[in-house]
Amino acid sequence: MATVSRGQWSGRMGFIFAAAGSAIGLGNIWRFPYSAGENGGGAFVLIYLFFVAAIGIPVVLSELAIGRTTQRNPVGAFKALVPGSLWPWVGGLGVLTGFGILAFYAVIAGWTLSYLWGALTGVYGGVLTADESLSLFNELITDPTKAIFLSGLFLLLTILVVRGGVSKGIERVTKILMPLLLIILVILAIRSVTLPGGMDGLVYLFKPDFSKITVTVVMSALGQALFSLSLGMGAMITYGSYFPDGENLPNAGITVAIFDTAIAILAGLIIFPALFSVGVEPGAGPGLVFVVLPSIFGSLPAGNLFAIAFYALLAIAALTSTISLLEVVVSYFVDEKGWSRNKSAWVLGIFCFFLAIPSALANGASPFFSDFMGTGVDFLSLNNNLWGNYSLSLGAIALCIFVGYKWGISNALASLEASGHKLPAPALFGFLVRYVCPVAVGAVLIYVIVTGNYF
Ligand code: TRP
């Protein structure tokens, strides 16, 4: 396998920005607040943080270790390590999951474009009530042409970056925009926390009410931890495969995980105080962030400028995530099927557009997809749950079993520490990968299956 032609990040910082670009996205700003709100707040947040530390960090490191050693896409990586086994199917599930996630993620990402357009044309300049904001949102999501067009546009942008190759395309954008996003979020969080009634939001977010814990809450917190860190489908195997020699991989992986989690909490600090201040239900569902945010901009000086900057950065954060989703699928077709990068990006991106159409219609535009086959669940939420919670959990548990019992902790450590940089607590890493992850994830999945609490 010619490694030179696959490209590499320009250095450790290049990798950190690219991987943070993958991790930070709608998962932090859209999905985290909406899941936290649907799952009762504080207790969900606490379990989520536990899963990030106990499962997220070991899985990030495991994926990166596999990627660095094999320099391959998820399927090729397993083929290289255990040829002729069934393990490459774990990578295959990852590639499929990449499609599954991208197909609904592109729809939400499309909404950010519409909000950016609205901000550019001055819609959020004045003070909007929660009802006005809700009706703007409904106008958008129930219009089939708009919803389909916007997800298509977003996928087109993704294709254009991915076909240019990883280091050139992804790094350049994220290096500048991630720090800017952080600054804007901090300003919005300060504004939100100081809104009248904002403190109730902080209590909701941080004070755990343990009576609210159910299987669904635990499952969603696990899924959220994996989703937000881009784990369980080989995205970090792929990104680790472009990691430059001689750089500190353990440190880079852990930095990304901390950074990503901080952004999610920051998004919570923006959404929950504002939500209590304007009187929106925490469990409002996928539209939560889109309905709540406009009300904050109206209460800021030069609010419309903030709105423009915020939605532009949000769209870009989403783009650096869709890039990583498409990249996994593309790298598989480039490495394993011998397709050119350009052909892979176009063919697979367009295929994904067709997969995205039902999700684009699932919020009122089509009754069939909005209440999918009479299940009471819309097609977008169904996919969010199926790929974003279950499939990622399955991928994570398989990966931990692979690293812990097949490939071996010592091989993983050797790969992580290849350039002489030590992992802070190697024994803890081994313990988490071999015991905690398989047992915890396994228990959650079995519990969900046995109790039938799928949604
Ligand atoms: N982590 C991204 C977010 O929070 C979404 C994402 C990108 C992702 N690549 C992934 C999720 C791979 C799971 C797996 O928005």
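For the structure itself, look to the data block above.
### Re the overall build of the chain
- Each helix and strand counted, the chain has 19 helices and 0 strands in total.
- Since a compact globule built from 455 residues should have a radius of gyration of about 23 Å, the 21 Å found for the chain is in line with a globular shape.
- For the chain, the spread of C-alpha atoms along the three principal axes comes to 60 × 50 × 45 Å.
- For the chain, the proportion of contacts with a sequence separation of at least 24, taken over those separated by at least 6, is 83%.
- As displayed, the chain has an accessible area near 16300 Å², and 69% of this comes from carbon and sulfur atoms.
- Here the chain contributes 20 positive and 19 negative side-chain charges, whose respective centroids are spaced 13 Å apart.

### Details of the nonpolar core
- Membership of the largest hydrophobic core comes to 172 residues, with the highest contact counts inside it found for Ile55, Phe310 and Tyr311.
- The dominant element in this core, judged by the number of residues it contributes, is helix α14 (residues 303-337), at 18 residues.
- Those residues in contact with phenylalanine 310 that sit more than four places away from it in its chain are Ile29, Ile184, Leu185, Leu188, Leu293 and Phe297.

### As for the environment of phenylalanine 227
- As for its position among the elements, phenylalanine 227 is in helix α10 (residues 215-228).
- When its relative accessible area of 8% is taken as the criterion, phenylalanine 227 is described as buried.
- Along the chain, phenylalanine 227 and alanine 36 lie 191 residues apart, while their C-alpha atoms are 14 Å from each other.

### Quick look at the environment of glycine 164
- Within the fold, glycine 164 resides in the loop between α7 (144-163) and α8 (166-193).
- When the C-alpha atoms of glycine 164 and arginine 341 are compared, they prove to be 8.1 Å apart, with 177 residues separating the residues in sequence.

### Considerations on helix α1 (residues 12-23)
- Taking 1.5 Å of rise per residue, 12 residues should cover 16 Å, and α1 covers 16 Å from first to last C-alpha, within 8% of that figure.
- Along α1, 10 of the 12 residues are buried, which leaves the element largely enclosed by surrounding structure.
- Every buried residue belonging to α1 is among Gly14, Phe15, Ile16, Phe17, Ala18, Ala19, Ala20, Gly21, Ser22 and Ala23, and all of these are buried.

### Thoughts on the site of the ligand
- Taken together, 17 residues form the shell around the ligand, and within it Ala23, Gly27, Tyr105, Phe227 and Ser230 come nearest.
- Taking glycine 27, its main chain carries an N or O atom lying 2.8 Å from an oxygen atom of the ligand.
- Between the ligand and the protein, one listed contact pairs a nitrogen atom with a backbone N or O atom of phenylalanine 227 at 2.8 Å.
- Of all elements in the fold, only α1, α2 (26-38), α5 (88-120), α10 and α14 reach the threshold of two or more residues within the shell around the ligand.
- A breakdown of the residues in the shell around the ligand according to their chemical character gives 9 nonpolar, 8 polar and no charged.

About the cut-offs
- Residue positions are given per chain, counted from 1 along the sequence in the order it is written.
- At least 70 in pLDDT is required for a residue's local features to be given in this predicted model, at least 80 for side-chain atom pairs to be given and counted, and no such filter applies to totals for whole chains, interfaces and linings, which use all residues.
- Hydrogens and waters are ignored; side-chain quantities use all the structure's heavy atoms.
- Strands are runs of DSSP state E lasting at least two residues, helices are runs of H or I lasting at least four, and both sets are numbered from the N terminus onward.
- Only the C-alpha atoms count toward the radius of gyration. The rule for a globule is 2.2 Å times the residue count to the power 0.38.
- By definition, residues are in contact when any of their heavy atoms lie within 4.5 Å.
- Per-residue accessibility takes into account occlusion by the displayed protein chains alone, with areas from the Shrake-Rupley method and a 1.4 Å probe.
- Lys and Arg are tallied as positive, Asp and Glu as negative. Neither His nor the chain termini are counted.
- Throughout, a charge is located at the NZ atom of Lys, the CZ atom of Arg, the CG atom of Asp or the CD atom of Glu.
- Here, the term nonpolar core denotes a set of buried Ala, Val, Leu, Ile, Met, Phe, Trp, Tyr and Cys residues that are joined through side-chain atoms within 4.5 Å.
- Burial classes follow relative accessibility: with a 1.4 Å probe on protein chains only, a residue under 20% of its type's maximum area counts as buried, one over 50% as exposed, and anything between as partly exposed.
- One less than the number of residues in a helix, times 1.5 Å, gives the span that helix is expected to have.
- We call a residue near a molecule or strand when any one of its heavy atoms sits within 4 Å of it.
- Polar contact is the term for a pair of N or O atoms within 3.5 Å; when the atoms are in protein, one must be able to donate a hydrogen and the other to accept it, and sequence-neighboring residues count only if both atoms are side-chain atoms.
- Throughout, the ten residues Ala, Val, Leu, Ile, Met, Phe, Trp, Tyr, Cys and Pro are labelled nonpolar, Asp, Glu, Lys and Arg are labelled charged, and all others, Gly among them, are labelled polar.

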